[in-house]
Amino acid sequence: MVFRQILGLHEVNVGIGNRLQIGIKSSPIMWFIPDIPLKEALWAGELRVQLLRSRLFRVAIDATYFHVSDIHGLKMGIFGKYGTDKLALHVGANAILVWLPNQVMDTCAGPVSPDVDGYSSGYDCGQGTRRTQRDLQKIVTANVGFEVRFWRHGKFFLDAVAIYALGAGPGGTIFTVLPGVRLHTTGFAADLGLGLFAVGDIKIPMPVVNLSYRF
């Protein structure tokens, strides 16, 4: 079992055998926001399956369902790692579907009649109806990185990620680069890094802290 904390995100993973892992994630920061009920905070469930495993090569797939407030999403990904404990390269790709909050759609087939005061705050839909629908946002991501051991309890790592929102135009692309240091013992690990998030001409540095405990 692994407990992991990334800034305001907490995660618990449980392994079943050598190839299957299930996990749950949430954000305790949101639990105490008055206007957001506990059930509407960020919650996610993950299933990960290891397909291939050898001394040098690993391949796994995962699927994650998540929701926050009225937003729901599904992430499906594949990733691989090649190398040893001293030097390793890893790559991955994800497809993400996000269902945004309901939108009221007017499907009136007939004329829309205004109220008696001349304003269209009320509707006569004729033969039509009024319904709600969710907007579907499609996102793809790709990442590559490597890690190099410099000490028995320490590694340098570098991760680069590209995130593209389909149909959003050039402004929908986000790039992140995260160099850092991973310090660890048998059961505890800490990632300390400084990430750079780039969206168009906007670049935002952000510290990253990732703590995990295996028991």
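Conventions used here
Residues numbered from 1 in each chain as written. Predicted model: local features only at pLDDT ≥ 70, side-chain atom pairs only at ≥ 80, totals over all residues. Heavy atoms only, no water. Helix = DSSP H or I, 4+ residues; strand = E, 2+ residues; numbered from the N terminus. Buried < 20%, exposed > 50% of the residue type's maximum accessible area, 1.4 Å probe, protein only. Contact = heavy atoms within 4.5 Å. Areas by Shrake-Rupley, 256 points an atom, 1.4 Å probe, with all protein chains shown as cover. pLDDT = per-residue confidence, 0-100. Salt bridge = Lys/Arg side-chain N within 4 Å of Asp/Glu carboxyl O. Polar contact = N/O pair within 3.5 Å; in protein donor to acceptor, adjacent residues only side chain to side chain. Pairing = 2+ DSSP bridges. Phe/Tyr/Trp six-rings, centres within 6.5 Å; stacked < 30°, edge-to-face > 60°. Lys NZ or Arg CZ within 6 Å of the ring centre and 35° of its normal. Patch = residues over 30% accessible without salt bridge, like charges linked within 9 Å, V, L, I, M, F, W, Y side chains within 5 Å.

## A closer look at the overall build of the protein chain
Scanning the protein chain for helices and strands turns up one helix and 12 strands. For the protein chain, the residues scored as buried account for 27% of the 215 residues in total. For the protein chain, the proportion of contacts with a sequence separation of at least 24, taken over those separated by at least 6, is 43%. By element, 67% of the accessible surface of the protein chain is carried by carbon and sulfur atoms, the whole surface being about 13,800 Å².

## Remarks on the confidence of the model for the protein chain
Residues at a pLDDT of 70 or more form 81% of the protein chain, whose mean pLDDT is 84. Of the regions scoring below 50 in pLDDT, residues 110-123 engages in 15 contacts with residues more than four places distant in sequence or in other chains.

## Remarks on the pattern of salt bridges
In this structure the tally under the stated criterion is 10 salt bridges. We note a salt bridge from Lys25 to Glu46, for which the minimum N-O separation is 3.9 Å. Note that Lys25 is positioned in strand β3 (residues 20-26) and Glu46 in strand β4 (residues 43-53), a separation of 21 residues in sequence. For the pair formed by Lys25 and Glu46, the shared burial category is buried.

## Thoughts on the side chain of Arg182
With respect to the helices, strands and loops of the structure, Arg182 is situated in strand β10 (residues 173-184). Separated by 3.2 Å, the side chains of Arg182 and Glu147 make a polar contact. A polar side-chain atom of Arg182 sits 2.7 Å from a polar atom in the side chain of Asp191. If we ignore the near neighbours within four places in the chain, the residues touching Arg182 are Glu147, His153, Gly154, Lys155, Phe157, Ala190 and Asp191.

## Side note on the pairing of strand β6 (residues 71-83)
As judged from the 12 bridges shared by strand β5 (residues 57-68) and β6, these two strands associate in the antiparallel manner. Paired with His67 across the strands is His72, a residue of β6. Joining the antiparallel neighbours β5 and β6 is a turn of two residues, in which Ser69 adopts a positive phi near 55°.

## Details of the environment of Thr185
Residue position: Thr185 is located in the loop between β10 and β11 (188-199). Spatially, the C-alpha atoms of Thr185 and Gly154 are 8.9 Å apart, while their sequence positions differ by 31 residues.

## Comments concerning the packing of aromatic side chains
Using the criterion set out here, one finds two aromatic pairs in the structure. On the numbers, 4.3 Å between centres and 25° between planes, the contact of Phe150 with Phe156 is stacked. With relative accessibility at 44%, the residue Phe156 sits in the partly exposed group. If you follow Arg182 out to its NZ or CZ, it ends over the ring of Phe157, 4.9 Å from the centre.

## Digging into a nonpolar patch on the surface
Together, Met1, Phe3, Phe150, Trp151, Phe156, Leu183, Phe188, Leu192, Val209, Leu211, Tyr213 and Phe215 line one region of the surface with nonpolar side chains, adding up to about 1,100 Å² of accessible area. Sorting the residues of the nonpolar patch by element identifies β8 (130-151), β11 and β12 (202-214) as the ones contributing at least two each. Looking at the nonpolar patch, the element that brings in the most residues is β12, giving three residues.

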